[in-house]
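The residues making up each chain are set out below.
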Amino acid sequence: MDTNIKALKSGMWYTAANFIIKGIGFLSTPIFTRLFTQEQYGLFNNYISWESTFNVFVSLQLVSTFVSARFDFKDKFDEYVSSLLVFNSIISFGWLIIINVFSNVFTQFTGIELRCLNIMIVYLLFASIIEMFQAKERFLYKYKVTVITSLFIALSTAVISVILVILMEDKLWGRIIGNSLPTIFIGILLSIVLLYNGEKNKVKYWRYALPVCLPYVPHILSMTVLNSMDRIMITKICGSRENALYSVAYSCGAVITILMTSINSAFVPWLGSKLHEHNYEEIRKVSEKYIGVFVYISCGLMLITPELLYVMGGNKYQAALYVMPPISFGCICQFIYTMYVNVEQFNKKTIGMAIASTIAALSNYILNMILLPVFGYLAAAYTTLGSYMILLFIHMFLVYRLKLGNIYPVKLIKSVLIFMTTYTAGINLLYSLKLVRYMIVVCYVIVLLVVIYKYKHQILMFLDMNKSVKNDSK
């Protein structure tokens, strides 16, 4: 089967499935905002923020080496994956020992109980194993098992978490348990599969992976700190209630992030193949549509922010209305610079990535320290936006240094940034003009329908092609 068609088919499934999976978590948020007090909801988001930070040290981002390893160890890729699984397990158990030996330090610094920290590390180990399995399947353009297991995890996590929060007196602990158990269960099963397929485990693969992923760790750590720092600092400076308000708005913006990660999961394997073939012209043509679709959908979601906030948390979270536009704009910047990061990863140029992320994280920290006490939690949304812009410009420069500066449509990207700056300012004014905003929403939908009608033949060809691919694969 042609590589492009295989990539298209698997990409379509990954994008749709990942959006549904992340959407399940998104749709469960209104339930938890109503079951939790604002303080409890803020504390859980503090836990999630620290979970993201610990994940960098537990996983070491070993999965990031798959982009190059699938070419360097084409005939031994199963062996490579199982070897990294064993390595990841050793690292995780090491962290469990450290956390329990120095329990007072970790619990006081994070504000999280020891039992929660322990289950967090176990959860992160098996989450990393699941990520390895899914990455391997993506690079081989397979999707069925990944889609099924991911749907199971998402659905069972939502259901078990709701049940435990309702039944248990300690609702925060119930939420954490419900969030962890399905991932641990599936992770154990997939560990057996990966170890069986890999047969042999070799230290040489560890030596290959470490020089590639270790420089990437500061990048991911800085990015994680950048993404999590706001909520951690808001909790410490402004309080748990303010963190709850910010977190709900952040969850609304996460719809855009869900879209980004879903599309990027499908885009990366295809991009790797085209970079390997030096087919830069095709990358540029596809990325123009890629960026256009993403920005259009993001602008639409920004239009209906008041309604999203009401669904997510009710009237008590409407105070967070003006947090959403800068967060959404930041997600667009994140989406575009991730495209450049993919190129850097493929070329194993991770040191520049680490420097860029460190600069952005430090900028965000300094700005938060100055502005949060003065302007409150709203300032965090704008400091994050500024940091994402810094990252975008640095990554564009780094890829330019690789002599691949024109791999993406630079003029379009500049136009998007100028447009979004104006749009973000304008949308803040529109929130107080309900009738005008609804009229714009109607126009937005009409334009969308016109575009779908105009390109209906291409869409039908796309569907027919996937139908024929499905029939051919039987």
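Residues numbered from 1 in each chain as written. Predicted model: local features only at pLDDT ≥ 70, side-chain atom pairs only at ≥ 80, totals over all residues. Heavy atoms only, no water.

Asker: Describe in detail the overall build of the chain, supporting the description with residues and values.
Answerer: A tally of regular secondary structure across the chain gives 19 helices and zero strands. The buried share of the chain, reckoned over its 474 residues, is 55%. Of all intrachain contacts in the chain linking residues separated by at least 6 positions in sequence, the fraction that spans at least 24 positions is 84%. Carbon and sulfur atoms provide 69% of the accessible area of the chain, an area that totals close to 21700 Å². (Helix = DSSP H or I, 4+ residues; strand = E, 2+ residues; numbered from the N terminus. Buried < 20%, exposed > 50% of the residue type's maximum accessible area, 1.4 Å probe, protein only. Contact = heavy atoms within 4.5 Å. Areas by Shrake-Rupley, 256 points an atom, 1.4 Å probe, with all protein chains shown as cover.)

Asker: Now, about a nonpolar patch on the surface: what can you tell me, with residues and values included?
Answerer: On the surface, a cluster of nonpolar side chains totalling about 570 Å² of accessible area is made up of Ile237, Leu362, Tyr365, Ile366, Met369 and Ile370. Tallying contributions element by element places helix α15 (residues 351-375) first for the nonpolar patch, with five residues. Considering the arrangement of structural elements, one finds Tyr365 in helix α15. On the basis of relative accessible area, Tyr365 is assigned to the partly exposed category, the value being 40%. (Patch = residues over 30% accessible without salt bridge, like charges linked within 9 Å, V, L, I, M, F, W, Y side chains within 5 Å. Salt bridge = Lys/Arg side-chain N within 4 Å of Asp/Glu carboxyl O.)

Asker: Would you mind going over the pattern of salt bridges in detail, with residue names and values included?
Answerer: In this structure the tally under the stated criterion is seven salt bridges. Linking Arg115 and Asp170 is a salt bridge whose minimum nitrogen-to-oxygen distance equals 2.7 Å. Remark: Asp170 occurs in the loop between α7 (144-167) and α8 (171-198) and Arg115 occurs in helix α6 (residues 114-139); sequence separation between them is 55 residues. Given the relative accessible area of 31%, Asp170 is considered partly exposed. We note a salt bridge from Glu277 to Lys274, for which the minimum N-O separation is 3.6 Å. Here Glu277 and its partner Lys274 are both found in helix α11 (residues 240-277), three residues apart, which amounts to about one turn of the helix.

Asker: I'd like a rundown of the nonpolar core, residues and numbers included.
Answerer: One finds Phe54, Phe66, Tyr80, Tyr246, Tyr408 and Met420 to be the most contacted residues of the largest nonpolar core, which totals 135 residues. In this structure, Tyr80 is in contact with Thr65, Phe66, Ala69, Phe73, Tyr205, Tyr208 and Ala209, ignoring residues within four places of it in sequence. (Core = buried A, V, L, I, M, F, W, Y, C linked by side-chain atoms within 4.5 Å.)

Asker: Outline a positive patch on the surface, supporting the account with residue identities and numerical values.
Answerer: Where like charges cluster on the molecular surface, the positive patch consists of Lys76, Lys200, Lys204 and Arg207. If you trace the backbone, Lys76 turns up in the loop between α3 (66-72) and α4 (77-101). A relative accessible area of 42% means that Lys76 is categorised as partly exposed. (Lys, Arg positive; Asp, Glu negative; His and termini not counted. Charge placed at Lys NZ, Arg CZ, Asp CG, Glu CD.)

Asker: Could you give me a rundown of unusual backbone geometry, with the residues and numbers involved?
Answerer: Positive phi outside glycine occurs at Leu60, with the angle close to 55°. Its place among the elements puts Leu60 in the loop between α2 (38-59) and α3. Positioned with a positive phi, Gln61 is a non-glycine residue whose angle comes to about 55°. If you trace the backbone, Gln61 turns up in the loop between α2 and α3.

Asker: Outline the confidence of the model for the chain, supporting the account with residue identities and numerical values.
Answerer: Averaged over all residues, the pLDDT of the chain equals 82, while 88% of them reach at least 70. Averaged over each element, pLDDT in the chain is lowest for helix α19 (residues 456-472) (48) and highest for α4 (92). In the predicted structure, residues 462-474 sits below a pLDDT of 50 and forms 13 contacts with residues beyond four places in sequence or in another chain. (pLDDT = per-residue confidence, 0-100.)

Asker: Tell me what's going on with the environment of Ile129, and back it up with residues and numbers.
Answerer: Within the secondary structure, Ile129 sits in helix α6. Look at Ile129 and you get buried, because its relative accessible area is 1%. In sequence terms Ile129 and Ile186 are 57 residues apart; their C-alpha atoms lie 9.4 Å from each other. Excluding its chain neighbours within four sequence positions, the residues that come into contact with Ile129 are Leu85, Gly187, Leu190, Ser191 and Leu194.

Asker: Hey, could you go over the environment of Lys202 for me, with residue numbers and the actual values?
Answerer: Following the sequence through the fold, Lys202 ends up in the loop between α8 and α9 (203-213). Given the relative accessible area of 29%, Lys202 is considered partly exposed. As a C-alpha pair, Lys202 and Phe87 span 115 residues in sequence and 9.8 Å in three-dimensional space. Contact partners of Lys202, with chain neighbours within four places excluded, come to Glu79 and Ser83.

Asker: Go over the side chain of Thr305, please, and point to the residues and values.
Answerer: With respect to the secondary-structure elements, Thr305 resides in helix α13 (residues 305-313). A relative accessible area of 0% places Thr305 in the buried class. One polar contact links the side chain of Thr305 to the main-chain carbonyl oxygen of Met302, over a distance of 3.0 Å. Discounting chain neighbours no more than four positions away, the residues touching Thr305 are Leu321, Met324 and Tyr431. (Polar contact = N/O pair within 3.5 Å; in protein donor to acceptor, adjacent residues only side chain to side chain.)

Asker: How would you summarise the packing of helix α12 (residues 280-303) against helix α14 (residues 324-346) if you had to cite specific residues and measurements?
Answerer: Interhelical geometry of α12 versus α14 gives an angle of 165° and a closest axis separation of 10 Å. The orientation of α12 relative to α14 falls into the category roughly antiparallel. The element α12 and its partner α14 pack so that their crossing is right-handed. Residue-level contacts link Ser287, Tyr290, Ile291, Phe294, Val295, Ser298, Leu301 and Met302 of α12 to Met324, Pro325, Ser328, Cys331, Ile332, Phe335 and Met339 of α14. Looking at the contact of α12 with α14 residue by residue, the classes come out as twelve nonpolar, three polar and no charged. (Axes fitted to C-alpha atoms, helices over the stretch in contact; angles between N-to-C directions. Parallel < 35°, antiparallel > 145°, perpendicular 65-115°, else oblique. Left-handed = near helix turned anticlockwise from the far one by under 90°. Nonpolar A, V, L, I, M, F, W, Y, C, P; charged D, E, K, R; others polar.)

Asker: Explain the packing of aromatic side chains to me, using residue names and the numbers behind them.
Answerer: Applying the stated criterion across every chain yields a total of 23 aromatic pairs. Geometrically, the ring pair formed by Phe294 and Phe335 is stacked, given 3.8 Å between the ring centres and 10° between the ring planes. With a gap of 41 residues between them, Phe294 in helix α12 and Phe335 in helix α14 connect regions that are remote in the sequence. Like Phe335, Phe294 is buried. In textbook terms, an aromatic cluster arises when at least three aromatic residues are bridged by ring pairs, as seen for Phe66, Phe73, Phe77, Tyr80, Tyr205 and Tyr208. (Phe/Tyr/Trp six-rings, centres within 6.5 Å; stacked < 30°, edge-to-face > 60°.)

Asker: Break down the environment of Ile304 for me, citing the residues and quoting the values.
Answerer: Checked against the element boundaries, Ile304 lands in the loop between α12 and α13. Every residue in contact with Ile304, bar those within four places of it in the chain, is listed here: Arg437 and Val441.

Asker: Describe the state of the cysteines, listing the residues and the values that go with them.
Answerer: In total, this model carries zero disulfides according to the counting rule given. Left unpaired, Cys331 is separated from the closest cysteine sulfur, that of Cys333, by 9.3 Å. (Disulfide = S-S within 2.5 Å.)

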